[in-house]
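# Examination of the molecular architecture
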Amino acid sequence: MKTAATIPTASRLRSIAPSATSTRFTKRPDNTPTRRPRRPLVGMNRDMVGFEYPPSEVTVVTRERIAAFARAIGDDNPAYFDDDAAAGYGLDGVCAPPTFPITVTMAAMEKSFHDPRLNMDFTRVVHSDQRFEYTRPIRVGDELVVVTVVEEIRALGSNDIATFRTEVTSRG
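Calculation notes
- Residues numbered from 1 in each chain as written.
- Predicted model: local features only at pLDDT ≥ 70, side-chain atom pairs only at ≥ 80, totals over all residues.
- Heavy atoms only, no water.
- Helix = DSSP H or I, 4+ residues; strand = E, 2+ residues; numbered from the N terminus.
- Contact = heavy atoms within 4.5 Å.
- Polar contact = N/O pair within 3.5 Å; in protein donor to acceptor, adjacent residues only side chain to side chain.
- Phe/Tyr/Trp six-rings, centres within 6.5 Å; stacked < 30°, edge-to-face > 60°.
- Buried < 20%, exposed > 50% of the residue type's maximum accessible area, 1.4 Å probe, protein only.
- Arc of directions from axis to C-beta.
- Core = buried A, V, L, I, M, F, W, Y, C linked by side-chain atoms within 4.5 Å.

### Remarks on the environment of R46
One can find R46 in the loop between β2 (9-10) and β3 (59-60). For the pair R46 and A162, spaced 116 residues apart in the sequence, the C-alpha separation amounts to 9.3 Å. Non-local contacts of R46, meaning those with residues more than four positions away in its chain, are made with I153, R154, A155 and D160. Engagement of the side chain of R46 in a polar contact is seen with the side chain of D160, the distance being 3.0 Å.

### Considering the packing of aromatic side chains
Counted according to the given criterion, the structure contains four aromatic pairs. Ring geometry for F69 and F100: centres 5.5 Å apart, planes at 85°, overall edge-to-face. Of this pair, F69 sits in helix α1 (residues 63-72) while F100 is found in the loop between α2 (83-88) and α3 (102-113), placing the two residues 31 residues apart along the sequence. The interplanar angle of 85° and the centroid separation of 5.7 Å between the aromatic rings of F113 and F164 together place this pair among those described as edge-to-face. Separated by 51 residues along the polypeptide, F113 in helix α3 and F164 in strand β5 (residues 159-170) bring together distant segments of the chain. Residue F113 is classed as buried on the basis of its relative accessible area of 2%. Classification of F164 by relative accessible area gives buried; the value is 0%.

### Side note on α1
Regarding α1, the residues found buried are I66, A67, F69 and A70. All buried residues of α1 project into a common sector of 165° when viewed along the axis, lining one side. Turned more than 90 degrees away from the buried face of α1, the exposed residues are E64, R71 and A72. Against the buried residues of α1 lie α3. Of the residues one or two after α1, G74 is the one with positive phi, at around 75°.

### Some words on the nonpolar core
By size, the foremost hydrophobic cluster in this structure holds 15 residues, and its most contacted members are V61, I66, F100, I138 and L144. Contributing elements (two or more residues each) for this core: α1, α3 and β4 (143-156). For this core, the element with the highest residue contribution is α1, accounting for three residues. The next biggest cluster of nonpolar side chains, apart from the first, holds eleven residues, and it includes M109, L118, V150 and F164.

Treat this as a map of the structure, not an account of what it does.
Written out as structure tokens, the structure reads:
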């Protein structure tokens, strides 16, 4: 099974909001606006495009994990809780909701987000898009492993946009 998640992230953003004027929290003796010092804008390392991170630790999919995720997202589809209901959909047993891979892909991507070689300022990241492609449903007993690849880094104005591909495979 493969799933792919494309996550463009902006590593550098500038606020266009005007600086705050003096308030009880930001009072200055001369009543001038307070401003944060600007960080130098340094782009992400484009040499990392194509870099593949080592596979993640194995995550075993359990009935409890699927049910907890389904409850967390407010999805009460019985195929996520009951084997007989899942069989009614033509499934062999309980399966995971379509967005379940986020539980393993985000953990695996933490390595890349905080990799000093990538030079991504995670405090300035904006998540914009994500897609999943499946070859089959995720089921109880699957042993999921994630590989993260830096797919693309491109400039968009004064921002860098990074696209990561995560491939989730199952040994189960």
